[in-house]
Amino acid sequence: MATQTTNIPDELKNDPRVPEDLNNNIFITTLDKIYNWGRKRSMWPLLFGLACCAIEMICTAASRHDLSRFGWELMRASPRQADLMIVSGTVTKKMIPQIVRLYNQMPEPRYVVAMGSCATSGGPFKEGYNVVSGIDKFIPVDVYIPGCPPRPEALLHSFVKLQEKIEKQSIRTVRWYTTGKTDNGMLVPYLGPDLVDLRRADEIKQKTAL
Amino acid sequence: MSEVTATPAKPAAKPAAPAAHGAAKPVAAAKMTPEMSAIAAKFGGAVEAAQYEGLLVTDHSKFIEIATYVRDVLKYNQLTNNTATDYIKDGVIEVVNQFTRVPQGGAPLTLKLRVPRPSGNDKTQPVPSLCPLYPGAEFQERETYDMYGVVFEGHPDLRRILMWEGFNGWPLRKDWKEAYYEGDTKPFESRWPGGDHKLAEERVPWEDNVNYPPGFDPFAFKPHPDGDIYDSMLAPSDGTVSIDNGHGVAPTLIEGLNASEMAELKTDEIIVNMGPQHPSTHGVLRMVVKLDGEKVTDLKLALGYLHRNHEKIGERNTWLHNIPYTDRLDYITGIYNEWGYVLGVERMMGLKTTDRVEYLRVITGELTRLASHFWAIGFLLNDLGAFFTPALYFITERDLIIDLLEAVTGSRMMCNYMRFGGVSRDFTSAQWAMARELAFERLPRTIDELDHFLTENEILKARSIGTGYMSADRCIAHSLTGPCLRAAGIGYDVRRADPYGYYDRFDFNIPVLYNGDVYDRYLVRVQEMRESLKIIQQALNQAETQSKVGDIQGGKKAYNHRVPAGQCYARVETPKGELGYYLVSDGNQNPYKYHIRSCSYINLNSMKEMAVGQKVADSVVILGSLDIVLGEVDR
Ligand code: SF4
């Protein structure tokens, strides 16, 4: 356990309420720590592959690299049951409305890993007319992994990094437990003559005005 | 795209000044083959020898007649490739159709049609569609329409396929420019010494990869309804299946009920959407199925969710640039995709390779075939319900192959191994030993094990025998290639039908089975793995005595290639089927036209016919047996 295990307070040691054989088995921790400890080791990623990087994601989940060691083995095909979205591949304009929708459907707390250079920035296909230059143009990203494709070890590393991030969160300050601060998700773009990001609709209207 | 308000910053003059692209130069007319002469003799005035290769049909009204003659008399029974080339300087768009005799093979026959280039974003004049003669033309013509705006008259369902309905412009036309447009050809000014590099986002007015036509109002615009695809399927049917594919056309009767009582019991038809995010669609494929109870009565595929504009980027790239991009087509078998491409360029340039190169290509290529079949079988079982356990075993084996490829090429999947006339690295002696160990010890055992556990497995047999049946004739008509075609009794394999590399030096068989169902497709794959092993073993043995270590580049090594003007269709037999590259060069350092005949994409054409009449759970299995990779489907 990632919490402190040694400093059992003396007054507890001889407390009559604690059975004798449990004396050395009591852990004292903070709520934040135990909460984050549980959370970070039971992330359920969304079963969702986009392109070549997804193959490496599958390899990461397979025997040799064995994602389960980190408690992340349960890939869920439904966004309602997932905590984490691994954007594993090229994000195209045709696909981005669906990705944003999936993201919105995931319950909070939700995390996003941008796997590979495509998801990070558009990668080798950046100049393409149907390619979005990075998923972070539409949804917030927690960890970026470089590589084309990133090796399974790199994906594992991103999990460790994400765990570190989760460890730093406090139940008192995180938004999803704060009243009045609901997250309504991101605006879903639509496919017009090109991809239309509705957050920029006013600007688009101005610039295209005849 | 002339109507776009905001075009990106005007590119400065090119660093090197190659001759203008697409210039109307005097071009040698195609050499006449006996078949071409036969057509010319029969249809005198309607055809003439085309530029570079094939026949140009000048009288479009005769085209269907000529195509019928090609199919029925000359026996070119498969439409291999359909695409178009935009000759902007000549003011024409040329539609290219290539036909192959299956299973005999040989060089393809090319028929071309020319239509004047329309101005702006208009569509072209209609050209006759080949769909009534070759059902395999359906998806390919839709793609040509999507990319060039060529209208095919008589096409049953001419919609955009890779892009979405309502997209502004026809992307592969030479005068259509993407938002991040920098120059017609690479290397770009900004990446040239002395040029200052700017982020793509800084160069464009929208600070993003988008472009809107003038007067576009995002609030008033009504997106093309996605529901279209549903509406088109909504017309109620009587529960019977209109396609006769042998799966029982009449609605099943329950014992003791007559037909009218059955009609009362009739279940409602519902339309179910699967994908693009679905665990069984092998990537971002979307299919919409209409169900009567559990039975599929109609099925439509929606593609393009991974359309990465490979061909547009490919035409901007230099010839060498494109090799790593081909890795990302069918990302399970990167090396084999490269092979097809370098083969085409080598043929156009007349480059020679060395013995060592050819052996290394066969060894690495066949290793990826093994890896791909492991993957395909693992995930076919996934689709059959054996969730992930068989796949885990096969991924382990695949990892061993990938280890070797990584040691040799430096990358697990995106090997970037082939070069024009050569390969990038030779095996070291340790890697050679690794390959021997794999080919002689480990993999034969694994394949035996696979065979032992799966082939006679009762569930596998119950689910897959008779599922997804398609007859040999229909397979050919649908332009199906690869293991699926060979499972239907047609021994068509490009390694034998249009030979390349050193395959003539090895003793191996082309496995052919006759039932045309999912089970036979599985069996063909297993047998092909054994044949691949045989090839690798022979290649390893022969290479030791018949090639020089380190002799990995035929001709001079070069970074910048000028390919002589011409055109080429090069094809290889990847694990998925026939992968072809249709290349046109105008003598410059970039391809003028770069088209990929993608077997995964074209194989999907027959999906509907295989699945209609089957249970919905089987449609997933059928998809698994086709073994598609979305990177190659959508490119
Ligand atoms: S980063 Fe590379 S491997 Fe990953 S999806 Fe993009 S092209 Fe494929």
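Residues numbered from 1 in each chain as written. Chains lettered and ligands numbered in written order. Predicted model: local features only at pLDDT ≥ 70, side-chain atom pairs only at ≥ 80, totals over all residues. Heavy atoms only, no water.

A. Spotlight on the overall build of chain B. Helix and strand counts for chain B come out as 21 helices and 15 strands. Out of the 635 residues belonging to chain B, those deemed buried represent 61%. Long-range contacts, defined as pairs at least 24 residues apart, comprise 71% of the intrachain contacts of chain B with a sequence gap of at least 6. Of the roughly 22600 Å² of accessible surface on chain B, a fraction of 54% belongs to carbon and sulfur atoms. (Helix = DSSP H or I, 4+ residues; strand = E, 2+ residues; numbered from the N terminus. Buried < 20%, exposed > 50% of the residue type's maximum accessible area, 1.4 Å probe, protein only. Contact = heavy atoms within 4.5 Å. Areas by Shrake-Rupley, 256 points an atom, 1.4 Å probe, with all protein chains shown as cover.)

B. Focus on the sheet that holds strand β2 (residues 111-115) of chain A. All names here are of chain A. Judged by pairing direction, the sheet is parallel, and its three strands sit side by side in the order β1-β2-β3 without closing on themselves. The open sheet has two edge strands with one neighbour each: β1 (84-88) and β3 (143-145). Neighbouring strand axes in the sheet, compared pairwise and without regard to direction, differ in orientation by 15° on average. Note: β1 against β2, five bridges, orientation parallel. Within β2, the position partnered with L84 by the bridge is Y111. Here helix α6 (residues 152-167) sits on the sheet in contact with β1, β2 and β3, set at roughly 165° to β3. (Pairing = 2+ DSSP bridges. Axes fitted to C-alpha atoms, helices over the stretch in contact; angles between N-to-C directions.)

C. Spatial organisation of the packing of aromatic side chains. All names here are of chain B. Evaluation of the coordinates by the stated rule reveals 30 aromatic pairs over all chains. For the ring pair F139 and Y601, a centre distance of 5.8 Å and an interplane angle of 45° mean the geometry is tilted. Residue F139 is found in helix α3 (residues 137-148), and its partner Y601 is found in helix α18 (residues 599-604); the two are separated by 462 residues along the sequence. Given the relative accessible area of 6%, F139 is considered buried. Each ring, one from Y212 and one from F216, has its centre 5.2 Å from the other, and the planes form 10°; the classification is stacked. Owing to a relative accessible area of 2%, Y212 belongs among the buried residues under this scheme. A relative accessible area of 6% means that F216 is categorised as buried. (Phe/Tyr/Trp six-rings, centres within 6.5 Å; stacked < 30°, edge-to-face > 60°.)

D. Broad picture of helix α9 (residues 334-349) of chain B. For α9(B), with 16 residues, the first-to-last C-alpha span of 23 Å sits near the 22 Å given by 1.5 Å per residue. A positive phi of about 65° marks B:G350, the residue just after α9(B). (Expected span 1.5 Å × (residues − 1).)

E. Just the site of the ligand, in detail. Inspection of the region around the ligand gives 15 residues, with A:C52, A:C53, A:G89, A:C118 and A:C148 positioned closest. Near the ligand, residues from chains A and B are present, making the site a shared one. The set of elements that each furnish at least two residues to the shell around the ligand consists of α3 (52-61) and α5 (116-121) of chain A. Across the shell around the ligand, the residue classes break down as nine nonpolar, four polar and two charged. (Near = heavy atom within 4 Å. Nonpolar A, V, L, I, M, F, W, Y, C, P; charged D, E, K, R; others polar.)

F. Region of interest: the confidence of the model for chain A. Residue and element names in this part refer to chain A. Model confidence for chain A is summarised by a mean pLDDT of 83, while 92% of its residues fall at 70 or above. Averaged pLDDT values over the elements of chain A bottom out at 66 in helix α1 (residues 10-13) and peak at 92 in β3. Of the regions scoring below 50 in pLDDT, residues 1-5 engages in nine contacts with residues more than four places distant in sequence or in other chains. (pLDDT = per-residue confidence, 0-100.)

G. Quick peek at the interface of chain A and chain B. Taken together, the contact between chain A and chain B spans 55 residues of the former and 65 residues of the latter. Both faces combined, the contact of chain A with chain B buries some 5700 Å², and carbon together with sulfur accounts for 61% of it. Viewed at the interface, chain B and chain A are joined by six salt bridges. Across the pair B:E406 and A:R151 runs a salt bridge, and its minimum N-O distance is 2.2 Å. The interface formed by chain A and chain B contains 22 residue pairs in polar contact (both at pLDDT 80 or more). Counting residues per element, the ones that place at least two in the side of chain A that touches chain B are α3, α4 (96-105), β4 (190-191), β5 (195-196) and α7 (201-208) of chain A. Broken down by element, the residue count for the side of chain A that touches chain B peaks at seven residues, all from α7(A). (Buried area = accessible area lost by both parts, 1.4 Å probe. Salt bridge = Lys/Arg side-chain N within 4 Å of Asp/Glu carboxyl O. Polar contact = N/O pair within 3.5 Å; in protein donor to acceptor, adjacent residues only side chain to side chain.)

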